[in-house]
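Observations on the three-dimensional arrangement
The primary structure of each chain is shown beneath.
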Amino acid sequence: MAVGRTTTRDVVVISYGRQLLDEDDIAAVVAVLRGDWLTQGPAVEKFEQSLAHAVEAPYAVVFSSATAGLHAALAVAEIGAGDVVATSSLSFVASANCARYLGATPAFVDVDPGTLNLRPDKVPADVAALVAVHYAGLPVDLSALHGRPPVIVEDAAHALGAITPDGPVGNCARSDMCVFSFHPVKAITTGEGGAVTTRSRALADALRRFRSHGIVRVPEKGGWYYQVAGLGYNYRLTDVQSALGQSQLSKLEGFLARRAELAQRYDALLADLPVTLPPVAPSGTRHAHHLYAVRIRDRRRVYDGLRERGIVPQVHYVPIHHHPAFAGLGFTVEHLPETERAYEQLLSLPLHPGLTNEDQDLVVDILKRLL
Ligand SMILES: *Cc1c(COP(=O)(O)O)cnc(C)c1O
């Protein structure tokens, strides 16, 4: 069985995304299991330092998920009831829910069809915060904002390893905080997990408090003594997960190179087919290639045809404003025409570091026949 395939019953499944683990990863996890700490031990801090180093940020704070990290980021930036938070509707629901957790209201900004990122020039001047989603791993050009919102959080769930002319995504050159995900389909995995990076010591401290019940240690009052300084949660990542993250992070460059190679192969193999290829990164920018999302007519038929033959593509995304839970916000096709047009046609083809050339050729062959 080729790496990157799974079998359900007798059908080989080639999925749009999946993790790539090796014996080093497994050994790193087992070593923690044999040690003294399962959580809140040294592996967490080590992973945070490695991650901060990798994205050239002074601080990294790991969380139990990117969703928890997004919640924390907006909370420590003091977003609350009455605030409006701009984001993309062409994203995962967590990009908007983070505002709603705090009683704030999401406002969706239409995407640029050339990048599928929200249009920075369309971010309303009066929003309290912007959650900028780097769709598919292509960074939003934050230098093109017309005026800086008071708070900028990058949703970089797709973009670990992406680089902008200002440096790696995560260095927060043009944002306050940047959030990564370590879900199994993302660039590296901890099972579930996420992280927030920042340049601000005060924000990093606040993120750590928020992650762990609002607790602050006060050693002057005794070794046991702690205070609950504010509202917090249990959003911690375990040592077991952090060890996996540390081991995975050491392979990030290889994963990114393989993703880029597969994306280039798709570009060549699909060049003569009636599909619109994904946006390419402008010079000075490195794409993280989290997704390979083409635009295609008759998407429903193509999706079903691929599924019938054991290929599992995905649609990124059902726009957030389509969901019943967001209907009350009143966003329609008039507000978000490019988001709607993109949604009608988008299809993410299998792309992950364990995908073999043979599996990719099979995907393309089936696609050709369907078109
Ligand atoms: C995956 C993802 C998230 C959520 O990440 P979790 O770690 O699963 O909470 C948020 N935003 C985007 C754009 C994502 O793709």
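Worth saying up front: this structure is predicted, and the values here are computed from it rather than measured.

Rules used in this analysis
- Residues numbered from 1 in each chain as written.
- Predicted model: local features only at pLDDT ≥ 70, side-chain atom pairs only at ≥ 80, totals over all residues.
- Heavy atoms only, no water.
- Phe/Tyr/Trp six-rings, centres within 6.5 Å; stacked < 30°, edge-to-face > 60°.
- Helix = DSSP H or I, 4+ residues; strand = E, 2+ residues; numbered from the N terminus.
- Buried < 20%, exposed > 50% of the residue type's maximum accessible area, 1.4 Å probe, protein only.
- Lys NZ or Arg CZ within 6 Å of the ring centre and 35° of its normal.
- Near = heavy atom within 4 Å.
- Polar contact = N/O pair within 3.5 Å; in protein donor to acceptor, adjacent residues only side chain to side chain.
- Areas by Shrake-Rupley, 256 points an atom, 1.4 Å probe, with all protein chains shown as cover.
- Pairing = 2+ DSSP bridges.
- Axes fitted to C-alpha atoms, helices over the stretch in contact; angles between N-to-C directions.
- Contact = heavy atoms within 4.5 Å.
- Patch = residues over 30% accessible without salt bridge, like charges linked within 9 Å, V, L, I, M, F, W, Y side chains within 5 Å.
- Salt bridge = Lys/Arg side-chain N within 4 Å of Asp/Glu carboxyl O.
- Core = buried A, V, L, I, M, F, W, Y, C linked by side-chain atoms within 4.5 Å.
- Arc of directions from axis to C-beta.
- Parallel < 35°, antiparallel > 145°, perpendicular 65-115°, else oblique.
- Left-handed = near helix turned anticlockwise from the far one by under 90°.
- Nonpolar A, V, L, I, M, F, W, Y, C, P; charged D, E, K, R; others polar.

**Let's talk about the packing of aromatic side chains**
The geometry of an aromatic ring pair is captured by the separation of the ring centres together with the interplanar angle, meaning the angle of the planes. The final tally for this structure, using the stated rule, is eight aromatic pairs. On the numbers, 6.4 Å between centres and 80 degrees between planes, the contact of tyrosine 135 with tyrosine 317 is edge-to-face. You can see tyrosine 135 sitting in the loop between strand S6 (129-133) and strand S7 (151-155) and its partner tyrosine 317 sitting in the loop between strand S16 (311-312) and helix H9 (337-345), a full 182 residues away along the chain. The burial state of tyrosine 135 is the same as that of tyrosine 317; both residues are buried. Members of the aromatic cluster, joined through ring pairs, are Phe108, Phe326 and Phe331. Over the face of the ring belonging to phenylalanine 326 we find arginine 100, whose NZ or CZ atom lies 4.6 Å from the ring centre.

**Some thoughts on the site of the ligand**
Contacts to the ligand come from 15 residues, most closely from Thr67, Asp155, His158, Ser181 and Lys186. One nitrogen or oxygen atom from the side chain of aspartate 155 is found 2.8 Å from a nitrogen atom belonging to the ligand. Within the side chain of serine 181, one N or O atom sits 2.8 Å away from an oxygen atom of the ligand. The fraction of the free accessible surface of the ligand (380 Å²) that becomes covered by protein chains is 93%. Mapped by element, the contributors of at least two residues to the shell around the ligand are helix H3 (66-76) and helix H4 (94-101).

**Focus on the sheet that holds strand S4 (residues 84-88)**
The sheet built from seven strands is open, its strands ordered S3-S11-S10-S7-S6-S4-S5 with mixed pairing. The sheet is open, and its two borders are formed by strand S3 (59-63) and strand S5 (105-109), each paired with just one other strand. In this sheet, neighbouring strand axes are inclined to one another by 20 degrees on average, regardless of whether the strands run parallel or antiparallel. Note that S6 and S7 share five bridges and pair parallel. Bridging across to S7, alanine 129 finds its partner in valine 151. Taken strand by strand, helix H5 (residues 201-211) contacts S3, strand S10 (177-181) and strand S11 (194-198), and its axis lies near 15 degrees from that of S3.

**Describing a nonpolar patch on the surface**
Together, Ile26, Val30, Leu33 and Leu38 give the surface a local cluster of nonpolar side chains, amounting to about 340 Å² of exposed area. Looking at the element boundaries, isoleucine 26 is found in helix H1 (residues 23-33).

**Let's talk about the nonpolar core**
Core analysis: the largest hydrophobic core is formed by 30 residues, its most contacted members being Phe63, Leu74, Ile79, Val85, Val153, Met177 and Leu207. Residue assignment for this core shows that the elements contributing at least two residues are S3, H3, H4, S6, S7, S10 and H5. With eight residues, the top contributor of residues to this core is H3. Discounting residues that sit within four places of it in the chain, methionine 177 has contacts with Ala73, Val76, Ala77, Ile152, Val153, Glu154, Cys172, Val196, Thr197, Thr198, Leu203 and Leu207. Counting 26 residues, the second largest nonpolar core, distinct from the first, contains Val44, Leu51, Ala159 and Phe180.

**Observations concerning the sheet that holds strand S15 (residues 292-296)**
The strand order across the open sheet built from three strands is S14-S15-S17, with neighbouring strands paired in antiparallel fashion. Two strands bound the open sheet, and with one partner strand each, they are strand S14 (275-276) and strand S17 (346-349). One ladder, built from two bridges, connects S14 with S15; its direction is antiparallel. Counterpart to threonine 276 in the pairing with S15 is arginine 295.

**Considering H9**
Three or more residues of H9 are buried, namely Thr339, Glu340, Ala342 and Tyr343. Projection of H9 onto a plane perpendicular to its axis shows the buried side chains occupying an angular sector of 165 degrees, all on one side. Buried residues belonging to H9 abut S15, helix H8 (299-308) and S17.

**Digging into the packing of H8 against helix H10 (residues 357-370)**
Across the interface, H8 lies against H10 with an axial gap of 10 Å and an inter-helix angle of 135 degrees. In terms of their interaxial angle, H8 and H10 are classed as oblique. The crossing of H8 and H10 is right-handed. In this structure, H8 contributes Arg301, Val302, Gly305 and Leu306 to the contact, and H10 contributes Val363, Ile366, Leu367 and Leu370. Along the lines of polarity and charge, the residues of the contact of H8 with H10 split into six nonpolar, one polar and one charged.

So far we have only geometry, and geometry alone does not tell us how the molecule works.
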